[in-house]
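# Examination of the molecular architecture
Each chain is listed here by its residues.
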Amino acid sequence: MIPFSMKNCFQFLCNHKVPAAGFKTTPKGGLILQSVSNDVYQNLAVEDWIHDYISLEGKPVLFFWRNSPSVVIGRHQNPWQECNLNLMREEGIKLARRKSGGGTVYHDLGNINMTFFTTKNKYDRMENLQLIVRALNAVQPQLDVQATKRFDLLLDGQFKISGTASKIGRTNTYHHCTLLCSTDRTALSSLLKSPYQGIESRATASIPSTVKNLLEKDPTLTCEVLMSAIAAEYAAHHHIKNHVHLINPADETVFPGVNSKVQELRSWEWIYGRTPKFSVNTTFNVLHEQTHLEIKVFLDIKDGRIEICNIKAPDHWLPLELCDQLNSSLIGSKFCPIETAMLTNIILRTYPGDYKLHSKWNILCEKMRGIM
């Protein structure tokens, strides 16, 4: 690994769209980059910065990046269908929506992310996957790793160790994939399992797979060993120097405007508001005087906000007037437990001193938070 200043290396890649950044030296061929950041939003942002602002004609780029624990959904996915948002909030796991399609993945420092940048006419996902297979076999010839028609990588014909997604622009493209080295499979399994019931959506759904870490197959296959092998194979394939250049994706002097991309990727409007329209149709029971009462909930959510709200509770348990207030107050609000709690508490303040009502209301709110 050799750290370097991108100012002295990127001029040959830049086209007229890039804000002036003082690039000077012109290296030959492509580049192999590695992020020094483990922030999922920063790494996704610099990935799209390269796609948007770099001329890749005859100059391909390979970008390595790893993230602290986070869940990343595809551009057209529904996070409530794809992951356990309540558990993620409890454990401080970040949620990100990337600009490419594909399914949901869990990232941590044991999961290597690779982005292959090239021009549209050179885009070839299978070629990239075969390159990874050659690199793995160079390190451990006994490994049985194959690329599938779905552009995944399978270990021993059954364990998924890599998933694929891509973004195809007007002139530039990127193909990115994961590689499971030593990821926390317990966290992966629990976080990528949605507990939410009654969701109806046309969003792209992930296909569950049985996974395995390469380190479980061979303890010498560390992230560092694997990245080094893939870099060497990439350099040989593209006839470039085998140097992995370290970059800081938050450096505005190197990537002008990149932090505005970071802010967009972190925003509620992008992560949740870009969810395709969906509905929630579910029921739950509450215990009242040793009897279970049924509460029905129907919601339509568009752009992450509640468009139609119809919550029905037995009149003798919760007054119809209060249910109507709740329904009307939630329309237009974010489908979010924090905002819902704030709105429902405002309504409850109009009934001071009614402790039984407050108790019922808290039960209802707790149930509502469970579907968000």
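Here we summarise the structure given alongside this text. (Residues numbered from 1 in each chain as written. Predicted model: local features only at pLDDT ≥ 70, side-chain atom pairs only at ≥ 80, totals over all residues. Heavy atoms only, no water.)

## Notes on the overall build of the protein
- Regarding its fold elements, the protein presents 12 helices and 17 strands.
- Along the three orthogonal principal directions, the C-alpha set of the protein runs to about 75 × 50 × 30 Å.
- Taking all 372 residues of the protein together, 51% fall into the buried category.
- Restricting to contacts in the protein with at least 6 residues of sequence separation, those with at least 24 account for 71%.
- By element, 51% of the accessible surface of the protein is carried by carbon and sulfur atoms, the whole surface being about 17100 Å².
- Between the averaged position of the 41 positive side-chain charges in the protein and that of its 35 negative side-chain charges there is a distance of 6 Å. (Helix = DSSP H or I, 4+ residues; strand = E, 2+ residues; numbered from the N terminus. Buried < 20%, exposed > 50% of the residue type's maximum accessible area, 1.4 Å probe, protein only. Contact = heavy atoms within 4.5 Å. Areas by Shrake-Rupley, 256 points an atom, 1.4 Å probe, with all protein chains shown as cover. Lys, Arg positive; Asp, Glu negative; His and termini not counted. Charge placed at Lys NZ, Arg CZ, Asp CG, Glu CD.)

## A few points about the pattern of salt bridges
- Counted by the stated rule, this structure contains 11 salt bridges.
- Among the salt bridges present, the one from D39 reaches R266, with a minimum N-O distance of 3.4 Å. On the criterion of sequence distance, the pair formed by D39 in the loop between β2 (31–35) and α1 (40–53) and R266 in helix α8 (residues 258–266) is long-range, its members being 227 residues apart.
- For D39, a relative accessible area of 11% translates into the label buried.
- K261 is the salt-bridge partner of D52, the closest N and O atoms lying 2.6 Å from each other. One end of the pair, D52, is in helix α1; the other, K261, is in helix α8, and 209 residues separate them in sequence.
- The class of K261 is buried, set by a relative accessible area of 13%.
- Three or more residues joined by partner-sharing salt bridges are found here, namely D39, K94 and R266. (Salt bridge = Lys/Arg side-chain N within 4 Å of Asp/Glu carboxyl O.)

## Topic: the side chain of N111
- As for its placement among the helices and strands, N111 is situated in strand β7 (residues 111–119).
- A residue is classified by how much of its surface remains accessible, and N111, at 0% relative accessible area, is buried.
- Among the polar contacts listed, one links the side chain of N111 to the backbone oxygen of Y106, at a separation of 3.3 Å.
- Those residues in contact with N111 that lie beyond four places of it in its chain are W65, R66, Y106, T178, L179, L180 and T183. (Polar contact = N/O pair within 3.5 Å; in protein donor to acceptor, adjacent residues only side chain to side chain.)

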